[in-house]
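Structural overview
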Amino acid sequence: MSLSSVTIVGAGQAGFQVAASLRQGGFEGKISLIGDEPDLPYQRPPLSKAYMLGKIKRENLAFRPETFFQEQNIELIHDTAVEIDRQNRRVVLKNGEACDYEHLVLATGAHNRPLALPGEDLNGVFGIKTLADADALSPAVKTARNVVVIGAGFIGLEFAAIAVQSANVHVIDMGQRAMARAISQEMSEVFEDTHRECGVTFHFNQGVNRLVGNQGKVTGVEKADGETLEADLVVYGIGVIPNITLASEAGLHIENGIKVDSDLLTNDPQISAIGDVACFPCVHNEGQPTRIESVPNAMDQARAVAARLLGNPSPFTSVPWFWTDQGSLKLQIAGLSTGFDTTVTLGAPESRQFSVLCFRKGHFVAVEACNRPGDHLAGKKILARPPELTSTEASAEGFDLREWEKEHRG
Amino acid sequence: MPTITLIESNGTEHMLTGQNGQSIMQAALNAMIPGIQGDCGGACSCATCHAFVDENWVSVLPKMEDTESDMLDFASERQDNSRLTCQLTLDESMDGMVLRLPESQY
Ligand SMILES: Cc1cc2nc3c(=O)[nH]c(=O)nc-3n(C[C@H](O)[C@H](O)[C@H](O)COP(=O)(O)OP(=O)(O)OC[C@H]3O[C@@H](n4cnc5c(N)ncnc54)[C@H](O)[C@@H]3O)c2cc1C
Ligand code: FES
């Protein structure tokens, strides 16, 4: 018997894509998409990039115009889901109404890890997660003179690259180097150098004691070493926490996110979980439970769930990938560059057009391509299928990843 | 509001009217045209919005940046008239343009 209704909680990147892919695949049943944000579903990457620069208009952030939802008969419910009643297969909304489901997809994403520091509530302190955050922040950037960014991760550094065009920018991080959790040391160094050349000052291995203010407005950031950096604008990006409350209260298994199997199903076969909130066994990470925060992961998982609901199940095996744009640098990463033991560098780092290939026990596990999009795509293709590239081959004089990919195409 | 034609690899034709300032990728997604994915939302990072521009129209379009060209090398079936449609912003000069879609974007 085919499915008659799908309810999706979370109208972000993953949730929206399930709805769109179901319709694209010919699904004729009811689709309810529940989201607690006021706008039409929109993309987040430009919030810390082109949108902050004013290069992309607000209406162009939406995945689709309002008419699309009507034409495709996708019911968009702007409310918060407060309970999953698994027994009766319905989702209870904050307004007291309920939404029945035959299949439920949880795509609730993640929220910013709070600073949890004295002074975090001062005016002039921002995280960047939602369109509302970006709308509040962008006028403040225009007038700011001294900006402190807490957290040298992707979002903090994307923002720093923009803020430094008009203000003094200091970046503080507990770690030893930029984007330390996600990229190789060699790549970090090039990003740090480039940001420094633009005027950014880094403070690594450094915590923050508190934010100081005057009349409710932030005026500085006191570092762990006691020094206070002057600041009229503070932006933090210190990681995210998956939105699991709804799932855990419903008795679904939680393990660094909502735990799902290789079909992206929770321990309730009527409930899937995808995107930033889902922790799945990743074949590109030795089958380890893995949670990935990226647009491609959200899109690929959404499509995989839609395909299963349309009767074409297959285990989720997509190669994880990611991109970040920071000033003149475009970094694209394919595969998971955690836990590698060897790297091979292609091109000269000084040229800012180079790639780092990461190997674990001799196996190719990831490529970090800086301003070399061809290497990114070639690497992604190689990771998707045999034959495997070995570190010995890649270390050979004159090795070219793109040529290797072309020669080894099936 | 320019009207363009997109032809799927199986020959199905779609006429669509987009807005000036919108990318062809976005206009195609809005119209639910199968065959355009647009995974990165137009950040020129994914190469899943590849199309072949009808020969008569190639010269009308703005030249491509290195990033786009480099990416296209690894799009499936690159040809001389290949473009990434997220990098093509609609305007009146494109009214009547015809593009063909590859069999796969991956
Ligand atoms: C500023 C910024 C820049 C980024 N840049 C990049 C980039 O360059 N490249 C990249 O690959 N990724 C980037 N990302 C990450 C990417 O946007 C996320 O990985 C992606 O949005 C995850 O999709 P999702 O659907 O899982 O979660 P989200 O898109 O976060 O959507 C989850 C939605 O669910 C809603 N929700 C949660 N609980 C409930 C509830 N109980 N009821 C109703 N609604 C609920 C949330 O409010 C939210 O709207 C960026 C993220 C941010 C914030
Ligand atoms: S949409 Fe990603 S490159 Fe065009």
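Residues numbered from 1 in each chain as written. Chains lettered and ligands numbered in written order. Predicted model: local features only at pLDDT ≥ 70, side-chain atom pairs only at ≥ 80, totals over all residues. Heavy atoms only, no water.

Quick look at the pairing of strand β2 (residues 30–35) of chain A
Residue and element names in this part refer to chain A. Along β2, 5 of the 6 residues are buried, which leaves the element largely enclosed by surrounding structure. Note that strand β1 (residues 5–9) and β2 share 5 bridges and pair parallel. From the neighbouring strand, I8 faces β2, where its bridge partner is L33. In this fold, the crossover linking β1 to β2 by way of helix α1 (residues 13–24) has right-handed handedness. In this fold, the crossover linking β2 to strand β3 (residues 74–78) by way of helix α2 (residues 66–71) has right-handed handedness. (Buried < 20%, exposed > 50% of the residue type's maximum accessible area, 1.4 Å probe, protein only. Helix = DSSP H or I, 4+ residues; strand = E, 2+ residues; numbered from the N terminus. Pairing = 2+ DSSP bridges. Right-handed = clockwise from strand over helix to strand, strands pointing away.)

Description of the sheet that holds β3 of chain A
All names here are of chain A. Spatial strand order, β3-β2-β1-β7-β19: 5 strands in an open sheet with parallel pairing. At either end of the open sheet lies a strand with only one pairing partner, and these are β3 and β19 (271–273). Between one strand and the next, the sheet's axes are offset by a mean angle of 20°, whatever the strand orientation. Examined bridge by bridge, strand β7 (residues 103–106) and β19 share 3 bridges and lie parallel to one another. Looking across to β19, one finds that L104 is bridged to I271. Running at roughly 165° to β2, α1 makes contact with β1, β2, β3 and β7 of the sheet. In the packing of helix α7 (residues 295–309) onto the sheet, the strands contacted are β1, β7 and β19, and the crossing angle to β7 comes to about 175°. (Axes fitted to C-alpha atoms, helices over the stretch in contact; angles between N-to-C directions. Contact = heavy atoms within 4.5 Å.)

Everything listed is a geometric property; what it means functionally is a separate question.
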